[in-house]
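# Descriptive analysis of the structure
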Amino acid sequence: MSSDLTENNFITEYDIFKEHKDSNESIDKLDSKMKGKLIKSIYMECISKNYNGIDSIISKKYTMEDIVRDREERMSRQEWLIRDYLSPLISIRVNYPGLNKNNCVSFIIMKVFSALVIDKFKDKIMYKDLQATAEGPVLTLIINEDVYKIKKLAINVEDNHFLGRFVDIDVFGNNGVELSRRELGLESRRCYICGQEAYNCAGSGRYDVDEIKEYIENKLEEYLKNKLS
Ligand SMILES: [Zn+2]
């Protein structure tokens, strides 16, 4: 099957997921051609027909320091994008544990939400960009829309989509300040394993990384199967 995938133009996310599951190998050993194909499909369907080849960097190994550095870089990039466009910004990232955040699972999840959010705002999108960094896939959008409307949609997606708990959708106003759930009179997000406030659990080492990965994979498989039927 794997050799067919690279030749075939039509490839579903479920095919990729199955291949990933059946490979019985660590994620980073997975056929890089297939991973590249997936990323290319997200890019071309959601971002631009002029594909810029970001799949070349997905096999890179990252450290904790890389994640901290790329996070800081993202924040400053967001700041100058907002200053440039004077409009609200959305940053979408996948909540995936461990150091290898660029993999089939995280990119399939990113594809689901890229398509959804881009479709919601369509002609109001002034800028869009997909990157593969130490933080995993990052989608950045500048949207010509009321920031509270954007935040409400983000919360709705995070809370009600079947895979919503596995993404972070940050929303910033044209003053560069991030909108919080609290500002809209809502409680902060809950941990998807135990249901307590998420910031108590995130990075606390309370859970085994493999346990979380398995949890995410099972939910993703359920989602993709339902989509097929
Ligand atoms: Zn928890």
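Scope of this entry: the structure provided in the associated data block. Nothing here was measured: the structure is a model prediction, and the numbers come from that model.

Calculation notes
Residues numbered from 1 in each chain as written. Predicted model: local features only at pLDDT ≥ 70, side-chain atom pairs only at ≥ 80, totals over all residues. Helix = DSSP H or I, 4+ residues; strand = E, 2+ residues; numbered from the N terminus. Buried ≥ 20, exposed ≤ 12 C-beta atoms within 10 Å, placed from the backbone. Contact = placed C-beta atoms within 7 Å. Expected span 1.5 Å × (residues − 1). Arc of directions from axis to C-beta. Core = buried A, V, L, I, M, F, W, Y, C linked by C-beta atoms within 7 Å. Pairing = 2+ DSSP bridges. Axes fitted to C-alpha atoms, helices over the stretch in contact; angles between N-to-C directions. Parallel < 35°, antiparallel > 145°, perpendicular 65-115°, else oblique. Left-handed = near helix turned anticlockwise from the far one by under 90°. Nonpolar A, V, L, I, M, F, W, Y, C, P; charged D, E, K, R; others polar.

### Thoughts on the environment of Val167
The topology assignment puts Val167 in strand 4 (residues 167-172). Residue Val167 is classed as buried on the basis of its 23 C-beta neighbours within 10 Å. Along the sequence, Val167 and Ile109 sit 58 residues apart, while their C-alpha atoms lie 8.0 Å from each other. Among residues more than four places away in sequence, those in contact with Val167 are Ile92, Arg93, Val94, Asn95, Ile109, Phe113 and Glu158.

### Observations regarding the environment of Asp70
Turning to its location among the elements, Asp70 is positioned in helix 4 (residues 64-85). Residue classification places Asp70 among the partly exposed positions, given that 18 C-beta atoms sit within 10 Å. Expressed as a C-alpha distance, the spacing of Asp70 and Gly136, which sit 66 residues apart in the sequence, is 9.7 Å. In this view, Asp70 contacts Thr133, Ala134 and Glu135; residues no more than four positions away in its chain are not counted.

### Some words on the environment of Ile150
Turning to its location among the elements, Ile150 is positioned in helix 6 (residues 147-160). The class for Ile150 is buried, based on 24 C-beta atoms found within 10 Å. Here the alpha-carbon distance between Ile150 and Val117, two residues 33 residues apart in the chain, equals 9.8 Å. Contact partners of Ile150, with chain neighbours within four places excluded, come to Pro88, Ile90, Ile143, Glu145 and Val171.

### Examining unusual backbone geometry
The backbone of Leu86 sits at a positive phi, close to 50°, despite the residue not being glycine. Its location among the elements puts Leu86 in the loop between helix 4 and strand 1 (89-94). Phi is positive for Lys122, close to 30°, though the residue is something other than glycine. Judged by the 8 C-beta atoms lying within 10 Å of it, Lys122 is exposed.

### Observations concerning helix 6
The terminal C-alpha atoms of helix 6, which comprises 14 residues, lie 20 Å apart, in line with the 20 Å expected from a rise of 1.5 Å per residue. Of all the residues in helix 6, the buried ones are Ile150, Lys151 and Ala154. Mapping the buried residues of helix 6 onto a view down its axis gives an arc of 95°, with all of them on the same face. Each element contacted by the buried residues of helix 6 is listed here: strand 1, strand 3 (136-143) and strand 4.

### Considerations on the nonpolar core
Within the largest apolar cluster, 38 residues are counted, with the highest numbers of intra-cluster contacts made by Ile90, Ile108 and Ile109. Ranked by residues supplied to this core, first place goes to helix 5 (residues 104-121) with nine residues. Dropping the residues within four chain positions of it, Ile109 is found in contact with Val94, Leu163, Phe166, Val167 and Leu220.

### Overview of the pairing of strand 1
Taken across its six residues, strand 1 has six buried, putting it largely inside the fold. Pairing of strand 1 with strand 4 involves six bridges; the strand directions are antiparallel. Note that in strand 4 the partner of Ile90 across the bridge is Val171.

### Comments concerning the packing of helix 5 against helix 8 (residues 209-228)
As a packed pair, helix 5 and helix 8 sit with axes 11 Å apart at the nearest point and diverge in direction by 45°. In terms of axis orientation, helix 5 runs oblique to helix 8. Our pair here, helix 5 against helix 8, has a crossing hand that is left-handed. Facing Val105, Ile108 and Ile109 of helix 5, the residues of helix 8 in contact are Ile216, Glu217 and Leu220. When grouped by side-chain class, the residues that make up the contact of helix 5 with helix 8 number five nonpolar, no polar and one charged.

### Observations concerning helix 4
Residues spaced three or four apart along an α-helix point in a common direction, a consequence of the helix completing one turn every 3.6 residues. Taking 1.5 Å as the rise per residue, helix 4 with 22 residues should run 32 Å; its terminal C-alpha atoms sit 32 Å apart, in good agreement. Two residues or fewer past helix 4, Leu86 is found with a positive phi of approximately 50°.

Note that every value here comes from positions in space, so none of it alone points to a role or purpose.
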